[in-house]
Amino acid sequence: MIDTANTASKKRGKLIVVSGPSGVGKGTVCGILKKNKDKLNLSVSVSATTRAPRDDEKEGINYFFKTEDEFRDMVDNGCFLEWATYNDHNYGTPEKPVLEKLEKGINVLLEIDVQGALKVMEKYPGGVYVFISPPSIEELRNRLVGRGSESAEEIEKRVKLAEWEMLQRDKYDYIVVNDVLEEAVKKVAQIITA
Ligand code: ADP
Ligand code: 5GP
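Residues numbered from 1 in each chain as written. Chains lettered and ligands numbered in written order. Predicted model: local features only at pLDDT ≥ 70, side-chain atom pairs only at ≥ 80, totals over all residues. Heavy atoms only, no water.

Below, the discussion takes up the site of ligand 1. Taken together, 14 residues lie around ligand 1, and Gly-23, Gly-27, Thr-28, Arg-147 and Asn-178 are the ones closest in. Lys-26 places a main-chain nitrogen or oxygen 2.9 Å from an oxygen atom of ligand 1. At 2.8 Å from an oxygen atom of ligand 1 is found a main-chain nitrogen or oxygen belonging to Gly-27. Using a 2 Å cut-off from the grid points, one finds that ligand 1 occupies the largest pocket. Of all the secondary structure elements, the ones that give two or more residues to the shell around ligand 1 are helix H1 (26-35) and helix H6 (137-147). Ranked by residue count, the leading element in the shell around ligand 1 is H1, at three residues. (Near = heavy atom within 4 Å. Polar contact = N/O pair within 3.5 Å; in protein donor to acceptor, adjacent residues only side chain to side chain. 1 Å grid on protein atoms, 1.4 Å probe; cavity = no way out; pocket = protein on both sides within 12 Å on 5 of 7 lines; lining within 4 Å. Sits in = over half its atoms within 2 Å of the grid points. Helix = DSSP H or I, 4+ residues; strand = E, 2+ residues; numbered from the N terminus.)

A few words on the layout of surface pockets. As a volume, the largest pocket reaches approximately 1,200 Å³. Around the largest pocket, the lining comprises 42 residues; the ones closest to its centre are Lys-26, Gly-27, Arg-54, Tyr-63 and Glu-111. Put simply, the parts of the chain that give the lining of the largest pocket at least two residues each are H1, strand E5 (80-86), strand E6 (89-94), H6 and helix H7 (152-167). With seven residues, the single largest contributor to the lining of the largest pocket is H1. Split by residue class, the lining of the largest pocket holds 13 nonpolar, 14 polar and 15 charged. (Points joined across faces, edges and corners; volume = space filled by probe spheres on them. Nonpolar A, V, L, I, M, F, W, Y, C, P; charged D, E, K, R; others polar.)

Here's what the structure looks like:
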């Protein structure tokens, strides 16, 4: 287990894990935080995934897009801090850049699914865990529909998964309801700087 707490000899960065159901607004919140990364001494981790890029997504910015074989090699080579299968696609957090930044005293933010967050909680108990909650499941569905990036069938799968994900929220250090976006961003920023 790696020590993520601040020690007297060297101040490490904080590991901040933001998760919650798909469509709740994690990417939107984290995108705004990323724009303020210097003020927050923050680096946002870029995950690897086997899902196809959306129209507006860029390699190395939103994700590292991998084939199934490439992803499997990364798993076999122990490259991931955690990885999970979400709706038939694999997603993983490359470990090396995260550890290097924490060592340098930079705060690192992971935006990952609930299964991944539960794994990281065991490995890094010194991390800060934030669950972003929707105001309601209906609003979550509306946001997924509004985003327009998934089929109706895929949206229903994501909403179904949200039921289990919502049941995990008490395991987190903080629950932030993303109702008014600016307020949710402010709360997460306060958690980072606390
Ligand atoms: P996630 O990363 O959790 O899957 P996104 O950040 O992609 O979610 O947000 C899903 C959709 O909801 C997007 O269209 C986004 O613009 C919208 N959205 C995000 N936050 C809010 C909010 N507070 N109120 C209304 N819509 C929001
Ligand atoms: P999307 O396909 O909407 O980009 O992501 C689907 C889900 O996978 C989201 O909940 C997102 O936070 C999560 N996710 C993204 N990257 C990772 C990762 O590295 N690990 C895990 N476990 N989940 C991730």
